[in-house]
Amino acid sequence: MKKIAIACDHAGFEYKEFLKEQLKGKYEITDYGTHSLDSVDYPDFVHPAASSVENGENEFGILICGSGQGVQLTANKHKGIRCALCWMPELGALARQHNNCNMVAIPARFIAKELALEIVNTFLTTDFEGGRHQGRVDKIAFC
């Protein structure tokens, strides 16, 4: 069973809870918070989730905030993380196929929960194609 990290800020809390409920039984999910609708700073939750993917504790990660931008930017500060902001399933598929992304960022204020689930399911079930894409992925990390 794939191990998944999940984290959010207050804007993504309801989506996080929805996704956890829909994914339970299919994946082993570790919830890094937040655990309420109270206003929080997303880096406090994203960094531990991203670290868990970076160090191999979890295979993939799901991050949710209002726009998806803040959580994505924060996760991508980690050398071993490739996090894609996705608002349609096709982007989730391409993030895996071409970029071997290991985290997905969801914009809760811009898409429906059902679409978020479709994106996450696509992301988690799509394989990296390797081949010509591997060389490009190898060049992503700058330092």
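Anything mentioned here points back to the structure above.
Residues numbered from 1 in each chain as written. Predicted model: local features only at pLDDT ≥ 70, side-chain atom pairs only at ≥ 80, totals over all residues. Heavy atoms only, no water.

1. A few points about the pairing of strand S2 (residues 28–31)
The cut-off we apply is this: Pairing between strands requires that DSSP locate at least two bridges from one strand to the other. Counting from the N terminus, the helices are DSSP H or I runs at least four residues long and the strands are E runs at least two residues long. Orient the strands so they point away from the viewer, and a crossover whose first-strand-to-second-strand path over the helix runs clockwise is right-handed.
Strand direction decides the pairing type here: strand S1 (residues 3–8) and S2, joined by four bridges, are parallel. Residue pairing in the sheet places Lys 3 in a bridge with Glu 28 of S2. Note that the unit made of S1, helix H1 (residues 13–23) and S2 has a crossover that is right-handed.

2. Details of the sheet that holds strand S5 (residues 103–107)
Within a beta sheet, neighbouring strands are joined by backbone hydrogen bonds and run either parallel or antiparallel to one another. Spelled out, the test is: Axis angles are defined between N-to-C directions and span 0 to 180 degrees, where every axis is a line fitted to C-alpha atoms and, for a helix, only to the segment in contact. Residues count as neighbours in contact if any of their non-hydrogen atoms are within 4.5 Å of one another.
Strand order across the open sheet formed by five strands is S2-S1-S3-S5-S4, with parallel pairing between neighbours. Strands with a single pairing partner mark the edges of an open sheet, and in this sheet they are S2 and strand S4 (83–85). Strand-to-strand twist across the sheet, computed as the mean angle between neighbouring axes with direction ignored, equals 20 degrees. Contacting S1, strand S3 (60–65) and S5, helix H5 (residues 113–125) runs over the sheet at an angle of about 170 degrees to S5.

3. Topic: the pattern of salt bridges
Put simply, the rule reads: Note on definitions: salt bridges are taken to be side-chain nitrogens of Lys or Arg within 4 Å of carboxyl oxygens of Asp or Glu. A simple rule labels every residue: compare its accessible area, found with a 1.4 Å probe on the protein chains alone, to the largest value its type can have, and call it buried under 20%, exposed over 50%, or partly exposed in between.
All chains considered together, the criterion is met by five salt bridges. Between Lys 16 and Asp 31 there is a salt bridge; the shortest N-O distance is 2.6 Å. Of this pair, Lys 16 sits in helix H1 while Asp 31 sits in strand S2, and the two are 15 residues apart along the sequence. Here Lys 24 ties to Glu 21 by a salt bridge, and the two come within 3.1 Å at their closest N and O atoms. On the accessibility criterion, Lys 24 (52% relative accessible area) is exposed.

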